[in-house]
Amino acid sequence: MAQTVTDLEPGLRRVLAPNPSPMTFRGTNTYIVGTGTVAIIDPGPDDRSHLQAILTALGPGETVSHILVTHSHMDHSPLARPLADATGAPVLAFGTHLDGRSAVMDRLVRDGLTGGGEGIDHAFAPDHRIDEGDRITGDDWQVDVIRTPGHTANHLSFAWNGALFTGDHVMGWASSLVSPPDGDLTAFMASCRKLQARTDRIYYPGHGAPVTIPAERINWLVAHRLSREAQILAQLDASPDTVSGLTGQIYTDTPPALLPAAERNVLAHVIDLHARTLVGFTPPLTRTTLITRLAKP
């Protein structure tokens, strides 16, 4: 598969990784920010042809000063270390996949919550940890770190020149998977509210085309999640059910291959609703645990 460099705007290039799938769309977007001394955002999967494509995309005399990772999924972070070895640039991220996990998720894991872990890069660890408010600078660019947990506990977004690199938090072609305990819907919705308060002119996601009307997309994403929540509560108002049963009732048009991911999204909603005392269950929480609607306020 030939890999080409796309000039998205002055000071920004994209190299598409050759890893298309139902979960990655056309592949992972690797971004090159700046000219001369550049930053790489999301190196992508451990694919040596993609490593070569990134290095080839650099202009004569260009060097990599920073490698930024939005989150530690296998389609975003594994190539960070080989790229660091090849360029001498440090890897910057929030932390490992366990960093930032909420006390609620930790407790559910101790109580027996299993599953999740879709595509986690367990070996990933940055050279330097970064967080909300940090700024990374190059010769002709600066990137501000925006903390956006939810898709994973360690998820970051990066603001540059009025644009926002959103990783897997916001994409134009699909809603983001939130799979506990690595994904956390309570955190995801808080991150969405944070982005709603911003005025970014464009989103550059981890997969798919740029999102050219960010406010419209983030508002849709919030409304979509609230609609799923309402569907779950309506089903539980009728009778207690399980995560598996709720998924079958709600995701009626979903291809069978994507139903496991849909179940993880329903599970994320159930955990969020439980934290808000809107539903109840007896741990351990599994796909067959009976979920009940608690008395309405």
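Residues numbered from 1 in each chain as written. Predicted model: local features only at pLDDT ≥ 70, side-chain atom pairs only at ≥ 80, totals over all residues. Heavy atoms only, no water.

### Some details on the overall build of the chain
When helices and strands are counted, the chain shows seven helices and 14 strands. Relative to the globule expectation of 19 Å for 297 residues, the C-alpha radius of gyration of the chain, 20 Å, shows essentially globular dimensions. The principal-axis extents of the C-alpha atoms in the chain amount to approximately 65 × 35 × 35 Å. Looking at the chain as a whole, 54% of its 297 residues qualify as buried. Relative to all contacts within the chain whose residues are 6 or more apart in sequence, the contacts with residues 24 or more apart total 65%. Of the roughly 12,300 Å² that the chain leaves accessible, carbon and sulfur atoms contribute 54%. Distance from the positive charge centre (23 side chains) to the negative charge centre (31 side chains) of the chain: 5 Å. (Helix = DSSP H or I, 4+ residues; strand = E, 2+ residues; numbered from the N terminus. Rg over C-alpha atoms; globule rule 2.2 N^0.38 Å. Buried < 20%, exposed > 50% of the residue type's maximum accessible area, 1.4 Å probe, protein only. Contact = heavy atoms within 4.5 Å. Areas by Shrake-Rupley, 256 points an atom, 1.4 Å probe, with all protein chains shown as cover. Lys, Arg positive; Asp, Glu negative; His and termini not counted. Charge placed at Lys NZ, Arg CZ, Asp CG, Glu CD.)

### Some words on the pairing of strand S10 (residues 156-160)
Of all five residues that make up S10, five are buried, and the element is covered over most of its length. Burial along S10 is two-sided: Leu156, Phe158 and Trp160 and Ser157 and Ala159, pointing in opposite directions, are all buried. The sheet contact formed by strand S9 (residues 142-147) and S10 spans four bridges and is antiparallel. In the sheet register, Asp144 faces S10, and the bridge partner there is Ala159. Note: S10 against strand S11 (residues 163-167), three bridges, orientation antiparallel. Counterpart to Ala159 in the pairing with S11 is Leu164. Between S10 and S11, which follow one another and run antiparallel, lie two residues, and Asn161 among them has a positive phi close to 55°. (Pairing = 2+ DSSP bridges.)

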